[in-house]
Amino acid sequence: MNLPTLKKGDRIAIAAPARKVTAEEMAPAIATLESWGLEVIIPQGLYKCNNQMAGEDYHRARLLQDLIDDDSIQAVLCARGGYGTVRMVDMVNFDRLKQHPKWIIGYSDITVLHSHLHQTMGHPTLHATMPINFPIDGAECPATQSLRNLLFGNKIDYSFSPNLMSREGEVSAPIVGGNLSILYSLLGSKSDIDTRDKILFIEDLDEYLYHIDRMMMTLKRAGKLDGLKGLIVGAFTEMHDNSTPFGRTAEEIIYDCVKEYNYPVLFGAQFGHIGTQNLALPLGISIQMSVSKKNNSSLKC
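Residues numbered from 1 in each chain as written. Predicted model: local features only at pLDDT ≥ 70, side-chain atom pairs only at ≥ 80, totals over all residues. Heavy atoms only, no water.

(A) How the structure looks around the packing of aromatic side chains. Applying the stated criterion across every chain yields a total of seven aromatic pairs. Residues Phe 160 and Phe 271 carry aromatic rings whose centres are separated by 5.7 Å and whose planes lie at 70 degrees to one another, so their mutual orientation is edge-to-face. In this pair, Phe 160 sits in strand 6 (residues 157-160) while Phe 271 sits in the loop between strand 10 (265-267) and strand 11 (281-283), placing the two residues 111 residues apart along the sequence. Each ring, one from Tyr 208 and one from Tyr 210, has its centre 6.1 Å from the other, and the planes form 50 degrees; the classification is tilted. With relative accessibility at 37%, the residue Tyr 208 sits in the partly exposed group. Owing to a relative accessible area of 37%, Tyr 210 belongs among the partly exposed residues under this scheme. Taken together, Tyr 158, Phe 160, Phe 201 and Phe 271 form an aromatic cluster joined through their ring pairs. When the ring centre of Tyr 263 is taken as origin, the NZ or CZ atom of Arg 167, which lies over that ring, is 5.4 Å away. (Phe/Tyr/Trp six-rings, centres within 6.5 Å; stacked < 30°, edge-to-face > 60°. Helix = DSSP H or I, 4+ residues; strand = E, 2+ residues; numbered from the N terminus. Buried < 20%, exposed > 50% of the residue type's maximum accessible area, 1.4 Å probe, protein only. Lys NZ or Arg CZ within 6 Å of the ring centre and 35° of its normal.)

Here you go:
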């Protein structure tokens with residue numbers, strides 16, 4: 001499936017399927033997107049509030065539905081993560097994307113949309129920074145620059161420093177995944193991704209180490225780890241421990257769960273909850289991964 005390459009004058013809309021946002025929070029991103037030559041669409045009701053969320057479930061679903069059905073919009077950028085996407089995803093009919101594909105962009109809780117679209121439609125998406133993360137001063141950063149590059153049709157060519165925990169190898173395969181906690185929560189649902197013969201990407205934030213172990217063991221027992229072509233381990237930031245230490249870092253937990261397999265594993269990838277350093281990563285398409293312990297590893301597509 002070919003997604004549109006954006007050009008100056010194209011329209012990009014901001015959606016809020018999860019936590020609420022304010023106009024003040026969105027202002028820096030709107031200014032940056034406009035500086036790229038894009039027309040930014042702010043749908044009516046974007047700033048609605050229902051406790052933590054950006055309006056009731058049906059409201060957030062209707063807003064996203066309108067943006068998907070509007071063929072004049074080339075991309076939908078989710079405002080932020082948090083929680084709430086899973087509550088409204090089944091209220092949205094994504095069929096219009098079959099005739100008029102467009103980028104659906106975000107990360108964290110937006111993993112629900114990534115996984116749902118990959119599994120039910122085979123529709124590629126873009127794991128990338130969101131308006132809530134755009135620099136307030138409008139400065140370019142790796143997160144926004146990589147998003148701009150991909151939206152405007154440039155291929156990815158990322159290089160990462162050697163990591164001794166990585167497992168060497170080269171592979172070309174479709175990539176799926178996103179936030180580990182969300183992937184874990186989708187197990188057994190129609191949005192649960194098929195990882196067989198895929199490169200799986202995972203990242204997470206603000207979790208207890210024992211729960212990282214629980215989630216990884218659950219994915220392993222569910223058969224999500226044994227049929228992979230490769231694994232990309234992004235940022236695992238702000239991890240917590242108990243008064244009695246778990247005894248391993250998040251990366252060590254992941255390494256232990258996949259040490260029996262022989263596919264390449266890339267640790268230290270610059271994706272996830274790392275603010276301005278969160279590189280954009282297309283999901284649902286084939287990428288080339290080359291992993292080395294001595295030289296830089298790379299991702300290309």
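Now that the structure has been shown, we can carry on.
(B) Geometry of the sheet that holds strand 10. Read across the sheet, seven strands follow the order 6-13-12-7-8-9-10 without closing on themselves; strand pairing throughout is mixed. Each end of this open sheet is capped by a strand with a single partner; those strands are strand 6 and strand 10. Neighbour-to-neighbour, the strand axes of this sheet turn through a mean angle of 25 degrees, independent of strand direction. (Pairing = 2+ DSSP bridges. Axes fitted to C-alpha atoms, helices over the stretch in contact; angles between N-to-C directions.)

(C) Just the sheet that holds strand 4 (residues 103-106), in detail. Overall, mixed pairing links the six strands, which are arranged 2-1-3-4-5-11 in an open sheet. Edge positions in the open sheet fall to strand 2 (39-41) and strand 11, since each of these has one partner strand only. Each adjacent strand pair in this sheet contributes to an overall mean axis angle of 25 degrees, direction not counted. Alignment of strand 3 (residues 75-78) against strand 4, held across three bridges, turns out to be parallel. Note that in strand 4 the partner of Ala 75 across the bridge is Trp 103. Relative to strand 1 (residues 11-15), helix 2 (residues 57-69) is tilted by about 165 degrees, and along the sheet it contacts strand 1 and strand 3. (Contact = heavy atoms within 4.5 Å.)

(D) A look at the pairing of strand 6. Burial of strand 6 is one-sided: the residues Tyr 158 and Phe 160 facing one way are buried, the residues Asp 157 and Ser 159 facing the other way are not. One ladder, built from four bridges, connects strand 6 with strand 13 (residues 297-300); its direction is antiparallel. Looking at the pairing, Asp 157 lines up with Lys 300 of strand 13.

(E) Structural view of the environment of Ala 54. Following the sequence through the fold, Ala 54 ends up in the loop between strand 2 and helix 2. The class of Ala 54 is buried, set by a relative accessible area of 1%. Ala 54 sits 30 residues away from Glu 24 along the chain, and the two C-alpha atoms are 15 Å apart. Residues contacting Ala 54, with those up to four places away along its chain left out, are Ala 16, Ala 18, Arg 19, Lys 20, Leu 46, Lys 48, His 59 and Arg 60.

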